[in-house]
Amino acid sequence: ANGFYGPQGRELRLPLADPELNKKIELFNYNGAQITNFEMESSALAGLASILGHRAMTCCMVIANRHTTEMNTDYKNSIDTLIEKVLNRI
């Protein structure tokens, strides 16, 4: 998502260009693959890397699930584990 408010389904002062966008993302399926996460920092990193001819990746820790309204309050240990796993694989 290329922003914090509208692109993530939040309305501030302007109406959303597509109020059904989050629902469309939820229902999207390509050969069995579905979108499970989107957030703004990754889109900026991917766009900048592409423009500069670099390869980039992001690994995200799900802290809050808006759809189910669940929250991972003990995410700090999980982030350390994710960092170690990613560093070992790259």
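Refer to the structure above for everything that follows.
Hey, could you run me through the overall build of the protein in this one?
Along the backbone of the protein there are three helices and two strands. Secondary structure of the protein in N-to-C order comes out as α-α-β-β-α. Computed over C-alpha atoms, the radius of gyration of the protein comes to 15 Å, more than 25% over the 12 Å expected from 2.2 N^0.38 for 90 residues, which places it beyond the range of a compact globule. With the C-alpha coordinates aligned to their principal axes, the bounding extent of the protein is approximately 45 × 35 × 30 Å. The buried share of the protein, reckoned over its 90 residues, is 7%. When contacts within the protein are restricted to residue pairs at least 6 apart in sequence, those whose partners lie at least 24 apart make up 32%.

What is the right way to look at the pattern of salt bridges in this model?
With the rule as written, the count across this model stands at two salt bridges. Aspartate 18 is the salt-bridge partner of lysine 24, the closest N and O atoms lying 2.8 Å from each other.

What is the right way to read unusual backbone geometry from this model?
In most cases, non-glycine residues show a negative phi, while peptide bonds are predominantly trans. Even without being glycine, asparagine 31 reaches a positive phi, approximately 50°. With respect to the helices and strands, the residue asparagine 31 is situated in the loop between α1 (21-27) and α2 (40-52). Classification of asparagine 31 by relative accessible area gives exposed; the value is 73%.

What counts, and at which threshold
Every chain begins its residue count from 1, and numbering advances along the sequence as written. Selection of residues for local features in this predicted model requires a pLDDT of at least 70, selection of side-chain atom pairs for listing and counting requires 80 or more, and totals for whole chains, interfaces and linings are taken over all residues. Computation of side-chain values covers all heavy atoms of the structure but excludes hydrogens and water. Helix and strand definitions here come from DSSP, where helices need a minimum of 4 consecutive H or I residues and strands a minimum of 2 consecutive E residues; each element is numbered from the N-terminal end. In this description the radius of gyration comes from C-alpha coordinates, and the expected globular size is given by 2.2 Å times residues to the power 0.38. Relative accessibility thresholds used throughout: buried, under 20% of the residue-type maximum; exposed, over 50%; partly exposed, between the two (1.4 Å probe, protein chains only). In what follows, a contact means two residues having at least one pair of non-hydrogen atoms within 4.5 Å. By convention in these notes, a salt bridge is any Lys or Arg side-chain nitrogen within 4 Å of a carboxyl oxygen on Asp or Glu.

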